[in-house]
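Coordinates in review
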Amino acid sequence: MPPTLASLVHHSALKLTVRAGEERLDAPVRWAHASELADPVPYMEGGELLLITALKLDAEDPDAMRRYVKRLAGAGVVGLGFAVGVHYPDIPKALLDAATDAGLPLIEVPRRTPFLAISKAVSAAIAAEQYRAVTAGFAAQRELTKQALSDGPEGLLLALAGQVDGWAALYDASGAVVAAAPEWANRRAARVTADVERLRERPAPASSVVAGAEDRVELHSLGTGRRPRAALAVGTASTLGTAERYAVHSAIALLTLTTERSRSLHAAEQRIGAAVLRMLLAGEPDHARTVAGELYGGLLDAPFRLVVAQVASASAARVRAGAEENGEGAGDAVPGTASAAVLAAVADASGNGDPLAGLVDVVEAAAARSGEALLVVPYGERLVLLVVDGGAGVRACAEYAAALEAGRGTAGRDATAAVSGEEGELVMGLSAPAGPIAAATAYKQAEQALSVARRRGRALVEHEELAAGSVLPLLADDAVRAFADGLLRALHEHDATGRGDLVASLRAWLSRHGQWDAAAADLGVHRHTLRYRMRRVEEILGRSLDDPDVRMELWLSLKATSTNSD
């Protein structure tokens, strides 16, 4: 502890005597300062023991002494030392009464004790306290390093909690609690998740303090890059002392080294994962298992899914916006809702212009919390993820997609505003469950789902949805519409002259599967009239309606143009 008035009074060499304010002798002394100014307050910082001989004071005037003592106490002076036998043989009664009334400790300094001796005693005590703090800090650093090497981050957090007499918690890149110590601190750590998410929005290194009714929590970002890789929370009953501050700084350094080392290991693991994926797609599951070893081997022992993610171009986003304006894709909301951490990750990724990195952060954090294996491989302009079927990784992808959809909005104008220039939006395709032997098939399924997601403007499409859906939304493609307009243009031009309604007649005839009577009844004309019109269609188009391929193309063209006109 720093020196106090009590420790100075008990200093045998100083021979000090307390004359007033005995109940406040536990006040820490930041410095001892001698001043004979009538008003030394402008030169005080608070925490000083002021030493005087009353050379320029009217020490026998009660009113003057009350004003003098009141100003000293208001400035944070913790005590007043009065040297007797210099200008006054004893402490004047006016000063003694003023100090007693104000509760300011008044200490009698004997004639044989120089002020310099008191200053030296205070200085020596402060230096000793600083040395103890530094020594304790180095000891804490050694203990934290030992725990980090033997028990990892969990052991380090437990040691840190003991050093600060409080609790400590580690958060991942998504803002979720990874570990906390002691065990009871998990719930307390979860209550500052929102503050951790706000800290992540600031460039690293960053820190903040959250003051609550229970404790005082310091938050520190971890990592050397612009985007924090993790965060540390330290909760204590009061402000950290010097030794505790050393311990926290040591923990920050060690955890930062751990996260940076993890990034290097992650890069090596990613190279192994790329090799495993190439072997799976090449139809070599046995070789893939051998290379995967213990790192990814468990992932290949159970059904898995492949996720293919890509950033769609701005033009694709505009196509999606046009499709939504025409009512296509309605009801295609991504299942599930996004957590606050996922929403923050999406916002952060949007701000950094790297939605793929945001997806990786969310899925890796979810897999780590559940203890699942995960394979993440950059594959050209795409990102391929191999995740456990029905596991946390799949749910994290769905949550991320839901957050993307929420951010984009449901109106086409929002989708258009979401992109500018060459920027785009993240889309994902999810395969059906598969095993190592069917990995290549699963990859094709994910690619097909990705293509549909890009075409429909969905953030995520599962392969199972393709068969259950309709082909009609695909007709929203500009190329399909252009083909339909070209195929039917001659018929529309004919109808525009008022010489017959060939387009409506063709639609009715095709919808009735070529049944003349039923189609004629729908149109309100004689069947011979309908037969004549269909012959005119064949003559104008130069195609035979007996050809099923021609009938299919005409029907799809009619559906495409009707969708466009709607």
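Above this text you will find the structure in question.
Here the structure is a predicted model, which means the values were calculated and not measured.

Since the α-helix packs 3.6 residues into each turn, any two residues three or four apart lie on the same face. The end-to-end C-alpha separation of helix α19 (residues 527–541) is 21 Å, in line with the 21 Å expected for 15 residues at 1.5 Å each. Three or more residues of α19 are buried, namely Leu530, Arg533, Met534, Val537 and Leu541. Mapping the buried residues of α19 onto a view down its axis gives an arc of 100°, with all of them on the same face. Of the residues trailing α19, Gly542 is marked for its positive phi of about 70°.

Taking strand neighbours across the sheet as the criterion, the five strands line up as β12-β13-β11-β14-β15 in an open arrangement whose pairing is mixed. Each of the sheet's edge strands pairs with one partner strand only, and the pair in question is β12 (375–379) and β15 (460–462). Averaged over all neighbouring strand pairs, the angle between strand axes comes to 20°, with direction disregarded. The sheet contact formed by strand β14 (residues 425–430) and β15 spans three bridges and is parallel. When the sheet's bridge partners are listed, Gly429 is paired in β15 with Val461. Running at roughly 15° to strand β13 (residues 382–388), helix α11 (residues 355–370) makes contact with β11 (304–312), β12, β13 and β14 of the sheet.

Let us now look at the environment of Asp517. By the element assignment, Asp517 lies in helix α18 (residues 516–523). Of the residues examined, Asp517 reaches a relative accessible area of 53% and is grouped as exposed. Taking C-alpha positions, Asp517 is 9.0 Å from Leu530, a pair spaced 13 residues apart along the chain.

Once that is clear, we can look at the packing of aromatic side chains. Counted according to the given criterion, the structure contains three aromatic pairs. Summarising the aromatic geometry, the rings of Tyr379 and Tyr443 are spaced 5.8 Å apart at their centres and angled 70° between planes, so their arrangement reads as edge-to-face. Here the residue Tyr379 occupies a position in strand β12, and Tyr443 occupies one in helix α14 (residues 439–456), the gap between them amounting to 64 residues. Judged by relative accessible area, which is 33%, Tyr379 ranks as partly exposed. With a centroid separation of 5.5 Å and 40° between ring planes, the pair formed by Trp509 and Trp516 is classed as tilted. The exposure class assigned to Trp509 is buried, which follows from its relative accessible area of 7%. You can call Trp516 partly exposed: its relative accessible area is 23%.

Our next topic: unusual backbone geometry. Where the residue is not glycine, phi is negative for most of them; where a peptide bond is considered, it is trans in most cases. Between Ala181 and Pro182 the backbone carries a cis peptide bond, its omega angle lying at -10°. Among the structural elements, Pro182 can be located in the loop between β7 (177–181) and α5 (185–190). Although it is not a glycine, Lys15 adopts a positive phi angle of roughly 60°. Residue placement: Lys15 occurs in the loop between α1 (5–9) and β1 (17–20). Notably, His513 is not glycine yet its phi reads approximately 55°, a positive angle. On the secondary structure map, His513 appears in the loop between α17 (502–511) and α18. With a relative accessible area of 71%, His513 lands in the exposed category.

On to the environment of Glu36, then. You can see Glu36 is positioned in the loop between β2 (31–34) and β3 (48–52). For Glu36, a relative accessible area of 24% puts it in the partly exposed group. The spatial distance from the C-alpha of Glu36 to the C-alpha of Ala54 is 6.4 Å, given a sequence separation of 18 residues. Not counting residues within four places of it along the chain, the set of residues in contact with Glu36 comprises Ile52, Thr53, Ala54, Leu55 and Lys56.

Another aspect to go through is the packing of α17 against α18. For the pair α17 and α18, interaxial distance at closest approach is 8 Å and the crossing angle is 135°. When the axes of α17 and α18 are compared, the pair comes out oblique. Crossing handedness for the pair α17 and α18: right-handed. Facing α17, whose interface residues are Ala504, Ser505, Ala508 and Trp509, α18 presents Trp516, Ala519 and Leu523.

Right, let's get into the sheet that holds β1. The strand order β1-β5-β4-β3-β2 describes an open sheet built from five strands, whose pairing is mixed. Each edge of the sheet is formed by a strand with only one pairing partner; in this case those strands are β1 and β2. Geometrically, the sheet is characterised by an average inter-axis angle of 30° between neighbouring strands, direction not taken into account. Pairing between β2 and β3: four bridges, direction parallel. By the bridge assignment for β3, Ala34 is matched with Leu51. Against the sheet, helix α3 (residues 93–102) contacts β1, β4 (79–83) and β5 (106–109), and its axis sits at roughly 75° relative to β1.

Okay, the side chain of Asp195 next. Mapped onto the fold, Asp195 is located in helix α6 (residues 193–200). On the basis of relative accessibility, which here comes to 18%, the residue Asp195 falls in the buried class. Those residues within four positions of Asp195 in sequence are excluded, and the remaining contacts are Val210 and Leu219.

The subject of this paragraph is the nonpolar core. General note: in soluble globular proteins, nonpolar side chains tend to be found buried as a group. By size, the foremost hydrophobic cluster in this structure holds 28 residues, and its most contacted members are Val276, Leu280, Leu306, Leu375 and Leu386. The biggest single contributor to this core is α14, with eight residues. Those residues in contact with Leu386 that lie beyond four places of it in its chain are Leu280, Leu299, Phe304, Arg305, Leu306, Leu374 and Leu375. Within the second largest apolar cluster, 27 residues are counted, among which are Ala366, Leu383, Ala392 and Leu430.

Here we take up the packing of helix α2 (residues 62–74) against α3. Relative placement of two packed helices is described by the angle separating their axes and the distance separating the axes. Two elements in contact, α2 and α3, have axes separated by 8 Å at closest approach and are oriented at 40°. Our classification of the angle between α2 and α3 gives oblique. Relative to α3, the crossing made by α2 is right-handed. Facing Pro62, Met65, Arg66 and Val69 of α2, the residues of α3 in contact are Ala94, Leu95, Ala98, Ala99 and Ala102. Among the residues forming the contact of α2 with α3, the class breakdown is eight nonpolar, no polar and one charged.

Bringing the pairing of β14 into the picture now. Summarising burial for β14: six of the six residues are buried, a large majority. Residues Glu425, Val427 and Gly429 of β14 are buried on one face, and the alternating residues Leu426, Met428 and Leu430, pointing to the opposite face, are buried as well.

Basis of the calculations
- Residues numbered from 1 in each chain as written.
- Predicted model: local features only at pLDDT ≥ 70, side-chain atom pairs only at ≥ 80, totals over all residues.
- Heavy atoms only, no water.
- Helix = DSSP H or I, 4+ residues; strand = E, 2+ residues; numbered from the N terminus.
- Expected span 1.5 Å × (residues − 1).
- Buried < 20%, exposed > 50% of the residue type's maximum accessible area, 1.4 Å probe, protein only.
- Arc of directions from axis to C-beta.
- Pairing = 2+ DSSP bridges.
- Axes fitted to C-alpha atoms, helices over the stretch in contact; angles between N-to-C directions.
- Contact = heavy atoms within 4.5 Å.
- Phe/Tyr/Trp six-rings, centres within 6.5 Å; stacked < 30°, edge-to-face > 60°.
- Parallel < 35°, antiparallel > 145°, perpendicular 65-115°, else oblique.
- Left-handed = near helix turned anticlockwise from the far one by under 90°.
- Core = buried A, V, L, I, M, F, W, Y, C linked by side-chain atoms within 4.5 Å.
- Nonpolar A, V, L, I, M, F, W, Y, C, P; charged D, E, K, R; others polar.

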